[in-house]
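A look at the structure
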Amino acid sequence: MDDWEEEETAPSFAPVSSTDAAPQRSSWNGGARDSGNDGDSWNRSNRGRGGSAGRGGRGGRGRGFGRSDQDELNGGGGDSENGFRGRGRGGRGGFRSGGGERGRGGGYRGRDEDVFAAGDGRGAENSDAADPERPKVTYIPPSLPEDEDSIFSHYKMGINFDKYDDILVDVSGTNLPAAIMTFEEAKLCESLENNISRSGYVKPTPVQKYGLPIISAGRDLMACAQTGSGKTAAFLLPILQQLMADGVAASRFSEIQEPEAVIVAPTRELINQIYQEARKFSFGTCVRPVVVYGGVNTGYQMREIEKGCNVLCGTPGRLLDMIGRGKVGLSKVRHLVLDEADRMLDMGFEPDMRRLVGSPGMPSKEERQTLMFSATFPEDIQRLAADFLKVDYLFVAVGVVGGACTDVEQTFLQVTKFNKREQLLDLLRTIGSERTMVFVETKRQADFIAAFLCQEKVPTTSIHGDREQREREKALADFRSGKCPVLVATSVASRGLDIPDVQHVVNFDLPNTIDDYVHRIGRTGRCGNTGRAVSFYDPDVDSQLARSLVGILAKAQQEVPSWLEESAFGAHGSAAFNPSGRTFASTDSRKGGSFQDSSVKTQPAAPPAAADEDDWE
Ligand SMILES: Nc1ncnc2c1ncn2[C@@H]1O[C@H](COP(=O)(O)OP(=O)(O)OP(=O)(O)O)[C@@H](O)[C@H]1O
């Protein structure tokens, strides 16, 4: 067993479900706030915080300064920042194409993000070297259920599902294929049609109506549609259709597996979810999807690949690792999908994406189909994305690009860092047992708030990048099942996760960027269901977001609190601000000028990462 394969995250303090949390409460209470000396986990969490959290290694992955977590421990609000919070990675050295020497000192050797996620501040040499002290990654996820009921279990479309039909869609580019109005028009093969109806899909959503024919016609696509509106099926269905029509079949008889489709997404839980959707839609066919992501035993994943792989779903690091190990060949790739594409192309992941498309065997962009999906797509990222797409790619905008889901009722409460926790408790008591995601800005804060809620007898679990994969998956499972109706999460859970019956999202801490806000509140109000988002607004901390929030609220045709408007535009209000009730704005960057309201700031190419640099992958 090789050394790298089993590296694992440093364990972290883990307040989990109320049941799990009980034994830890005493340790949490026993001085963590005061002394910061509450055993190993707290000590680990403190490493490299508040100062340079620089990560070296792998050709230099530079990180800026993080928010001081110490502050959060003391004040519960965590508002002090130590300067630059941006995130940037250097390159990772040359590509190591399988076998041979483990790439030390610049050669690519793959990685597991979480090795770094522990934030232990180890330098380049150490992080690349095998560290015998580091726990080994032995985690193997539980087998997925094989019975049809479980595979096809789904939640119901909501009352607003039909309203999707009223959303304006703008498609830009040349030679546009005609949209479909029904799944029948897509002329999918029988098994796929069956799987679609077993999934409870009766008619396509707008992004599916336009996406399916565009992808089936072989065109490259950049698609932007609101959270929870079916983007996953929009790319999976036409890809699977193509693979089935071509008669591809998984074979365990080749040493190197050569998938026809590669799908990347920024977080483990999201890529796992996409994989499960692919598994559902390819049920009963010869197409075999496989998933690879960090925090899981690499040997296990290699064996899964060896069983045959047509659709490889992965987080970037583990995917590149599998390619580097020579387990996966790319020469047959016909479809490359970047889900949450704006995130995949921001400074955090862009180098990985460039490595992926530059990997040996990967067909050039002229020879493959590249598909990008997200609910948000800042123009500067769009321009960068064009590097990965054919010149004649199509751009589909469903509704307002970067707009919040209109099925989510957004409210704001003015708070101070001193009363936030009590406000949260009051709110959760009002909410009762309805499923609620509480977003906080740092991993430390997630632990802190989860432990606090458990102590207050609110059944709570938590998910963030310092938790082991086993714990992350258990937390999600407990939340999904309703065992713990409250999930405290960092932004690692903000994108893509499709969890049934999440009725509420609470932004205990507002995120740094408006796009992050849009994704977070999009965990509720999915698939035509309604949802509620309550955000705590601390004027001392959040005023930089005020204008963007006003813009988002106005575009979603929701009431803007006067105090928020004042915070955004000063005492004279928003005379110059008029989103004009417009329900549609196309922002294909190729059209030249922006169509967006100038009052709504687009995000920079490298949006600041979560304050304590939560690792997503
Ligand atoms: N045509 C359809 N009919 C019924 N349900 C659908 C349809 N398309 C998708 N869904 C369901 O809607 C839910 C949301 O879909 P999905 O997760 O693909 O949204 P998304 O647009 O990717 O959201 P996000 O931006 O948050 O990633 C899923 O449970 C999915 O199975």
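The rules behind these values
- Residues numbered from 1 in each chain as written.
- Predicted model: local features only at pLDDT ≥ 70, side-chain atom pairs only at ≥ 80, totals over all residues.
- Heavy atoms only, no water.
- Near = heavy atom within 4 Å.
- Polar contact = N/O pair within 3.5 Å; in protein donor to acceptor, adjacent residues only side chain to side chain.
- Areas by Shrake-Rupley, 256 points an atom, 1.4 Å probe, with all protein chains shown as cover.
- Nonpolar A, V, L, I, M, F, W, Y, C, P; charged D, E, K, R; others polar.
- Axes fitted to C-alpha atoms, helices over the stretch in contact; angles between N-to-C directions.
- Helix = DSSP H or I, 4+ residues; strand = E, 2+ residues; numbered from the N terminus.
- Parallel < 35°, antiparallel > 145°, perpendicular 65-115°, else oblique.
- Left-handed = near helix turned anticlockwise from the far one by under 90°.
- Contact = heavy atoms within 4.5 Å.
- Pairing = 2+ DSSP bridges.
- UniProt positions renumbered as here; feature names shortened; annotations may be inferred.
- Domains from an automatic or database assignment.
- Buried area = accessible area lost by both parts, 1.4 Å probe.
- Salt bridge = Lys/Arg side-chain N within 4 Å of Asp/Glu carboxyl O.

What follows deals with the site of the ligand. Surrounding the ligand, one finds 23 residues, the nearest of these being Y201, K231, T232, D498 and R526. Within the side chain of Q208, an N or O atom sits 2.8 Å from a nitrogen atom of the ligand. G230 is positioned with one of its backbone polar atoms (N or O) 3.2 Å from an oxygen atom of the ligand. In isolation the ligand exposes 640 Å². Once the protein is present, 95% of that is buried. A per-class count over the shell around the ligand returns seven nonpolar, nine polar and seven charged.

Closest axis-to-axis distance for the helix α10 (residues 231–245)/helix α11 (residues 268–281) pair is 10 Å, and the angle between their directions is 45°. Taken together, the axes of α10 and α11 lie oblique to each other. In this structure, α10 crosses over α11, and the sense of that crossing is right-handed. Contacts between α10 and α11 pair T232, A233, F235, L236, L237, L240 and M244 from the former with I274, E277, A278 and F281 from the latter. The residue inventory of the contact of α10 with α11, partitioned by class, reads nine nonpolar, one polar and one charged.

Attention now moves to the sheet that holds strand β9 (residues 408–414). Sheet architecture is open: six strands sit in the order β9-β14-β13-β10-β12-β11, paired in parallel fashion. Only two strands of the sheet have a single partner each, and these edge strands are β9 and β11 (460–463). Across the sheet, the mean angle from the axis of one strand to that of its neighbour is 20°, orientation sign disregarded. The pairing of strand β10 (residues 435–439) with strand β13 (residues 502–507) spans five bridges and is classified as parallel. Looking across to β13, one finds that M437 is bridged to V505. Seen against the sheet, helix α17 (residues 420–431) touches β9, β10, β12 (486–489), β13 and β14 (531–537) and runs at an angle of roughly 165° to β14. Sitting on the sheet, helix α22 (residues 546–555) is in contact with β9 and β14, with an inclination near 150° to β9.

To continue, consider the UniProt feature "domain: Helicase ATP-binding" (unreviewed entry) in the protein chain. If you check UniProt for "domain: Helicase ATP-binding" (unreviewed entry), the listed places come out as residues 212–395 in our numbering. Along residues 212–395, the helical share is 39% and the strand share 16%, with 13 Å between the first and last C-alpha atoms.

What the domain assignment lists for the protein chain is domain 1 (148–398) and domain 2 (408–570). Placing the centre of domain 1 and that of domain 2 at their C-alpha centroids yields a distance of 28 Å. Contacts between domain 1 and domain 2 engage 27 residues on the former and 22 residues on the latter. Summed over the three residues of domain 1 that lose the most area to domain 2, namely Y155, T227 and E269, the buried surface amounts to 34% of that side. Where domain 1 packs against domain 2, one counts three salt bridges. Salt-bridge contacts for E269 lead to R472; the nearest nitrogen and oxygen are separated by 2.8 Å. In this structure, the connection of domain 1 to domain 2 is made through 18 residue pairs in polar contact (both at pLDDT 80 or more). Those elements that provide at least two residues to the side of domain 1 that touches domain 2 are α11 and α14 (341–344).

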